[in-house]
Amino acid sequence: MTARASTPDRGPGPRPGREPARQRVLRAARQALRVLAVELGTPTEPGTPLLGSVRSPWLRRLPYVVAFGFAVSLLPTTINVLGNDYGLEGGLVGALATAQSVPLLLAVTRPLQAWWVIFAADVLGAVALIGADGVAGRAWPWPPMEIVGYLALMLALSLRERRRTLTAVWLTTGVAGLLSQVFTPDGSNNTWVLMFVLTGVVLMMGATLRERGDAQRKLIEQETISEAERARRTLLEERTRIARELHDVVAHHMSVITVQAASAPYRISGLPGEAEEEFGAIAATARESLAEMRRLLGVLRSEEAEQHGGPEKTPQPGIGMLPKLVEGTVRAGVPVELALPEEPMALEPAVDLSAYRIVQEALANVVRHAPGAPTRVSVTVAADGARLTVLIVNSAPSAPSAPLETTGTGHGLIGMRERVRLVDGSLDTGPLPDGGFRVAARLPLSPPPSQASPLSTAKDAHSV
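Residues numbered from 1 in each chain as written. Predicted model: local features only at pLDDT ≥ 70, side-chain atom pairs only at ≥ 80, totals over all residues. Heavy atoms only, no water.

**Here we look at a positive patch on the surface**
Here is step 1: There is a patch of like positive charges on the surface, built from Arg24, Arg27, Arg30 and Arg34.
Here is step 2: Here Arg24 shows up in helix α2 (residues 18–40). (Patch = residues over 30% accessible without salt bridge, like charges linked within 9 Å, V, L, I, M, F, W, Y side chains within 5 Å. Areas by Shrake-Rupley, 256 points an atom, 1.4 Å probe, with all protein chains shown as cover. Salt bridge = Lys/Arg side-chain N within 4 Å of Asp/Glu carboxyl O. Lys, Arg positive; Asp, Glu negative; His and termini not counted. Charge placed at Lys NZ, Arg CZ, Asp CG, Glu CD. Helix = DSSP H or I, 4+ residues; strand = E, 2+ residues; numbered from the N terminus.)

Structure, rendered in structure tokens:
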């Protein structure tokens, strides 16, 4: 047996490993076609008009006007060119012209569906022109009017669909043009490369404009959300600050009640045993209420201790400390006049504290936004003695000066309103004709009937 005979005959069959590679290629091709079908069959926001979210009604109508103009102008042009220049029959010309131009009206709300109709009509038109008498020396497979209509459709498509869909449309257009080379009529001017390039340029420009508009819109939305969050955070911070201050006020009164109730049997001789038990119960209830309030507000005090190294032990301010506040503002460069009632007043702690905080915030706003502006602060009592009026008015700065802050958001007014709501008062703020600003707060000197304490109500009823 010779060596040649002993060698196995491989024959013309496939080499080992070649079939799996071919399978991988086929699998990749099927996957690509599946992705292509999904992208071309999944429109974005179908039914929503282009530019439908803009505020101007003229801009919202603009896509309809443009689409109508293209459809009205391309329909007779296509009929004339296909019938007279290319020599197609009348019925076929009308059907192709209608399918290639009228769906542009649909592109305003459903551009991807309009693309399916127009693209199929363009392909059928290219097939019909293969055997036409006038195709020699003219554009094929895409006549000029088809290119114009297709590019208008691409602009509408790029303003709506995502990049993957636009890429699929562009590649499908290129593949259709490339396959048309097999059937190119003799003497025709091939336009598939021109169509492919112009389609890519229009899709890229439209997608860039759309993405830029989306980015600006998201930025505006984020700024709006951030502003709302800042306002909400300012409101919560002011309420927390008010809660801490009210904790001191209420704790003081509860402590006084506890001491008075506990010491009553020792200060008043001859009390019956039932009265001593009643005072003891009052003292115990007051101690429990004070302990419960401290537990509820312990978180606020813990936060304050972490920020400032310990709880604040200074008394809460009132209108009696306004001269010191005004003196500090004058040192900051703001001329301030202060007018207070001639006789001292015994105000409720909440009203006294709210009046001081309103003046403090108003003067801080003058320092920040109108440095050097002459300012007048007046605290007056109504003739009937029922209301306390706090008025802060500043005029425009006498000498031009740049404000320390130019991006005021009005969050200081939120704190003022919360202070006024606390005591059931009213607040009036706004700019003045001369360029100044006015803050007027009216605070009741006596608590509203709904906030009257049960003990005082019982006492009044007993006295009547």
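**A word on helix α11 (residues 322–331)**
Here is step 1: Of all the residues in α11, the buried ones are Leu322, Leu325, Val326 and Thr329. The buried residues of α11 occupy one face: seen down the axis, they fall within an arc of 95 degrees. What points out from α11, more than 90 degrees from its buried face, is the exposed set Lys324 and Arg331.
Here is step 2: On its buried face, α11 is in contact with β3 (336–339), α12 (349–369) and β4 (375–381). (Buried < 20%, exposed > 50% of the residue type's maximum accessible area, 1.4 Å probe, protein only. Arc of directions from axis to C-beta. Contact = heavy atoms within 4.5 Å.)

**Topic: the sheet that holds strand β7 (residues 437–444)**
Here is step 1: Taken in spatial order, the 5 strands line up as β3-β4-β5-β7-β6 in an open sheet, and their pairing is mixed. Sheet topology places β3 and β6 (426–431) at the edges, where each strand pairs with a single neighbour. Each strand axis lies, on average, 10 degrees off the axis of its neighbour in the sheet, ignoring direction.
Here is step 2: Bridge analysis of β4 against strand β5 (residues 387–394) gives 7 bridges, and the strand direction is antiparallel. Each bridged residue has a counterpart across the sheet, and for Arg376 the counterpart in β5 is Val393.
Here is step 3: Sheet contacts for α12: β3, β4, β5 and β7; angle to β5, the most-contacted strand, approximately 5 degrees. (Pairing = 2+ DSSP bridges. Axes fitted to C-alpha atoms, helices over the stretch in contact; angles between N-to-C directions.)

**A word on unusual backbone geometry**
Here is step 1: With an omega of 5 degrees, the peptide bond running from Trp140 to Pro141 counts as cis.
Here is step 2: Phi at Glu45 takes a positive value of approximately 50 degrees, unusual for a residue other than glycine.
Here is step 3: Within the secondary structure, Glu45 sits in the loop between α2 and α3 (57–85).
Here is step 4: Here Asp424, not a glycine, exhibits a phi torsion of approximately 65 degrees, which is positive.

**A closer look at the pairing of β4**
Here is step 1: Summarising the sheet, β3 and β4 pair through 4 bridges and their orientation is parallel. Across the sheet, Val336 pairs through a bridge with Thr375, a residue of β4.
Here is step 2: In this fold, β3 hands off to α12, which returns the chain to β4; that crossover is left-handed.
Here is step 3: Counting the residues in the hairpin turn of β4 and β5 gives 5 residues, including Gly385, whose phi is positive at 70 degrees. (Right-handed = clockwise from strand over helix to strand, strands pointing away.)

**Thoughts on the nonpolar core**
Here is step 1: Residues Leu82, Trp115, Tyr150, Leu153, Met154 and Val169 are the most contacted members of the largest nonpolar core, which totals 40 residues.
Here is step 2: For this core, the elements supplying multiple residues, two or more each, are α3, α4 (90–101), α5 (111–129), β1 (139–140), α6 (144–158), α7 (163–179) and α8 (192–267).
Here is step 3: The biggest single contributor to this core is α6, with 8 residues.
Here is step 4: If you look at the next biggest cluster of nonpolar residues, it comprises 30 residues, including Val326, Tyr356, Val359 and Val366. (Core = buried A, V, L, I, M, F, W, Y, C linked by side-chain atoms within 4.5 Å.)

**Some details on the packing of α11 against α12**
Here is step 1: One can describe the packing of α11 onto α12 by two numbers: an axis separation of 11 Å at closest approach and a directional angle of 5 degrees. It follows from the interaxial angle that α11 and α12 lie roughly parallel. On α12, the residues touching Leu322, Leu325, Val326 and Thr329 of α11 are Tyr356, Val359, Gln360, Leu363 and Val367.
Here is step 2: A class-by-class count of the residues in the contact of α11 with α12 yields 7 nonpolar, 2 polar and no charged. (Parallel < 35°, antiparallel > 145°, perpendicular 65-115°, else oblique. Nonpolar A, V, L, I, M, F, W, Y, C, P; charged D, E, K, R; others polar.)

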